[in-house]
Amino acid sequence: MSLSLSQLFALDSLLSPEELEIRSTVRKFGEQRIRPQIAQWFERGEIPVRELAVELGSLGVLGMHLQGYGCAGTSATAYGLACLELEAVDSGIRSLVSVQGSLAMFSLHHWGSEEQKRQWLPRLAAGTAIGCFGLTEPDFGSNPGGMRTHAKRDGGDWVLNGTKMWITNGSVADVAVVWARTEEGIRGFVVPTGTPGFSAPEIRSKLSLRASVTSELVLEDVRLPDAAMLPLAHGLRGPLTSLGEARFGIIFGALGAARDCLETAVEYARSRRVFDKSLAAYQLTQAKIADMALEVGKGHLLAYHLGRLKDRGELGADQVSLGKLNNVREALEVARQCRTILGANGITLEYPVLRHANNLESVLTYEGTSEVHQLTIGKALTGESAFR
Ligand code: FAD
């Protein structure tokens with residue numbers, strides 16, 4: 001008899017019946033709706049975002065832990081579990097949900113006017129509208145405070161100019177939350193993507209997150225009414241708070257990719273015969289599997305702990321950095337190690353491991369690179385800022 005990772009760590013004992021139910025619903029959706037097609041979408045670099053968004057909206061995972069305006073209002077831990085199950089299939093699907101729910105919708109929900117919330121949130125929750133979040137620029141990623149995109153007053157209007165880079169969902173979005181420099185500091189703007197002067201060319205030729213749309217946002221004299229500004233977000237705290245929400249989902253999500261790799265590798269090792277016996281019966285293979293299971297299991301314990309802190313309103317940004325740094329870094333190591341167990345088969349799209357590993361390269365970089373999270377943790381522990 002063999003145990004699953006979840007059984008070995010008795011992980012389910014840490015979840016409520018409602019959380020287990022939500023997890024199982026999202027897992028079923030991922031396995032039945034996404035899994036059969038994901039390799040093909042990844043290979044083609046194309047994903048039916050609009051169709052999927054409506055289905056994800058019906059599933060209730062878009063802006064899932066936000067209250068009101070058509071959002072499901074679940075616990076943060078339940079949202080994390082949904083991210084985990086979606087990323088078990090592909091990080092691109094979890095990215096779609098993170099950007100829609102945690103970046104675009106959270107920004108509107110947390111920083112928006114009542115009118116902005118009413119106009120956009122119900123459609124974004126249903127998946128009938130798609131949102132994106134434009135912070136990064138070609139020359140400013142880890143240091144968004146250097147951004148060049150700016151908004152200037154012109155009578156009662158705002159006029160935006162600048163370029164954003166690497167924006168998930170950019171070319172399929174109906175609305176973009178764009179961060180820009182103004183005379184009063186960095187502010188957020190709600191930009192309907194049909195506004196004249198706005199364009200979003202897609203970035204092709206990616207070797208990672210191929211089942212996700214990534215785009216540039218170009219703003220050339222984009223004229224918006226005064227009411228387009230997010231009234232409650234002042235300075236970099238606005239976008240950074242929103243990023244904290246998406247990072248939280250990634251703490252769980254990365255474990256989904258790792259779990260999928262580990263399960264694939266264990267199954268493969270059990271059926272593959274090398275020399276004269278099962279690959280799983282070799283001590284070296286078992287050492288790899290045991291070490292990986294430890295990391296993925298510990299990652300779950302960390303995620304669940306951080307989830308409980310968030311549900312109690314006690315989760316800090318430094319703690320989010322602990323989770324994002326550890327779980328993504330370990331997930332990537334697990335994916336690479338699992339690839340070795342699959343030998344040459346591991347490099348194909350027939351198995352998910354190299355697809356996950358390639359995706360995790362992006363996940364390691366976006367939402368704060370590993371180095372940025374190391375610096376955040378280092379600052380918290382030493383009191384010294386080493387960012388510049
Ligand atoms: P840089 O900031 O140039 O970093 C390059 C290297 O320098 C990294 O290793 C970094 O850790 C290191 N470094 C930087 N600063 C320091 C320092 N002080 N000390 C030591 N080392 C340092 N952005 C959005 O706004 N919206 C999105 O929807 C979005 N989606 C994305 C989707 C994908 C697929 C990818 C790949 C990126 C996405 N991003 C998005 C952008 C992402 O957030 C940035 O790529 C990330 O912040 C890193 O910025 P950069 O790529 O410019 O790297």
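The rules we used
Residues numbered from 1 in each chain as written. Predicted model: local features only at pLDDT ≥ 70, side-chain atom pairs only at ≥ 80, totals over all residues. Heavy atoms only, no water. Salt bridge = Lys/Arg side-chain N within 4 Å of Asp/Glu carboxyl O. Helix = DSSP H or I, 4+ residues; strand = E, 2+ residues; numbered from the N terminus. Buried < 20%, exposed > 50% of the residue type's maximum accessible area, 1.4 Å probe, protein only. pLDDT = per-residue confidence, 0-100. Near = heavy atom within 4 Å. Polar contact = N/O pair within 3.5 Å; in protein donor to acceptor, adjacent residues only side chain to side chain. Areas by Shrake-Rupley, 256 points an atom, 1.4 Å probe, with all protein chains shown as cover. Axes fitted to C-alpha atoms, helices over the stretch in contact; angles between N-to-C directions. Parallel < 35°, antiparallel > 145°, perpendicular 65-115°, else oblique. Contact = heavy atoms within 4.5 Å. Phe/Tyr/Trp six-rings, centres within 6.5 Å; stacked < 30°, edge-to-face > 60°. Lys NZ or Arg CZ within 6 Å of the ring centre and 35° of its normal. Pairing = 2+ DSSP bridges. Core = buried A, V, L, I, M, F, W, Y, C linked by side-chain atoms within 4.5 Å.

## Quick word on the pattern of salt bridges
For the structure on display, the rule yields 26 salt bridges. A salt bridge links Arg35 to Glu31; the nearest nitrogen and oxygen atoms lie 2.9 Å apart. With a gap of four residues between them, Arg35 and Glu31 both fall in helix α2 (residues 17-44), about one helical turn apart. For Arg35, a relative accessible area of 23% corresponds to the partly exposed category. We classify Glu31 as partly exposed; its relative accessible area is 33%. A salt bridge links Arg336 to Glu333; the nearest nitrogen and oxygen atoms lie 3.2 Å apart.

## Some thoughts on the confidence of the model for the protein
Per-residue confidence for the protein gives a mean pLDDT of 97, with 100% of residues at or over 70. Scoring of the predicted complex yields 0.97 for pTM and 0.99 for ipTM.

## Digging into the site of the ligand
Around the ligand sit 17 residues in total, of which Thr136, Ser142, Trp166, Thr369 and Glu371 are the nearest. Within the side chain of Ser142, a nitrogen or oxygen atom sits 2.6 Å from an oxygen atom of the ligand. At 2.8 Å, a backbone N or O of Phe387 approaches a nitrogen atom of the ligand. Summarising the interface, the protein chains cover 67% of the accessible area of the ligand, which totals 980 Å² for the free molecule.

## Here we look at the packing of α2 against helix α3 (residues 49-59)
Two packed helices can be described by the angle between their axes and the distance between those axes. Interaxial distance between α2 and α3 falls to 11 Å at its minimum, and their mutual angle equals 170°. Of the possible angle classes, the one that applies to α2 and α3 is roughly antiparallel. Contacts between α2 and α3 involve Thr25, Val26, Phe29, Arg33, Ile34 and Trp41 on the former and, on the latter, Glu51, Leu52, Glu55, Leu56 and Leu59.

## Concerning the packing of aromatic side chains
If you walk through the whole model with that rule in mind, you get five aromatic pairs. Between Phe252 and Tyr304 the ring centres are 6.2 Å apart and the planes differ by 25°, which places this aromatic pair in the stacked class. Of the two residues, Phe252 sits in helix α7 (residues 237-271) while Tyr304 sits in helix α8 (residues 283-311), which places them 52 residues apart along the sequence. Grouping residues by exposure puts Phe252 and Tyr304 together as buried. Each residue in the set Phe248, Phe252 and Tyr304 is aromatic and connected to the rest through ring pairs, giving one cluster. Over the ring of Tyr282 we find Lys277, and its NZ or CZ is 4.6 Å from the ring centre. Taking the ring centre of Phe248 as reference, the NZ or CZ of Lys310 above it sits at 5.5 Å.

## A short note on unusual backbone geometry
Only a minority of non-glycine residues have a phi that is not negative, and only a minority of peptide bonds are not trans. Residues other than glycine seldom take positive phi values, yet Leu209 does so here, at roughly 45°. Its location among the elements puts Leu209 in the loop between β6 (198-199) and β7 (214-225). Residue classification places Leu209 among the buried residues on the basis of a relative accessible area of 5%. Although it is not a glycine, Phe275 adopts a positive phi angle of roughly 50°. Here Phe275 lies in the loop between β8 (273-274) and β9 (277-278).

## Some thoughts on the pairing of strand β4 (residues 175-182)
Most of β4 sits out of view: seven of its eight residues are buried. The pairing of strand β1 (residues 131-134) with β4 spans four bridges and is parallel. Note on β4: the bridge partner recorded for Gly131 is Val175. In this structure, β4 lies alongside strand β5 (residues 185-192), joined through eight bridges in antiparallel fashion.

## Side note on the nonpolar core
By size, the foremost hydrophobic cluster in this structure holds 84 residues, and its most contacted members are Leu56, Leu160, Trp179, Phe189 and Val191. Setting aside residues up to four positions removed in sequence, Val191 forms contacts with Leu160, Asp174, Val175, Ala176, Val178, Phe198, Val222 and Leu224. Core analysis: the next-biggest nonpolar cluster, separate from the first, contains 28 residues, Ala254, Val328, Val334 and Val363 among them.

## Observations concerning the side chain of Thr376
Position of Thr376 relative to the elements: it lies in helix α11 (residues 370-382). Take Thr376: its relative accessible area is 18%, and that puts it in the buried class. Reaching out from Thr376, the side chain makes a polar contact with the backbone oxygen of Val372 at a distance of 2.8 Å. Apart from the residues lying within four places of it in its own chain, the contact partners of Thr376 are Asp318, Ser321 and Phe387.

## Digging into the pairing of β5
Buried residues dominate β5, accounting for six of its eight residues. Counting the residues that bridge the hairpin from β4 to β5 gives two residues.

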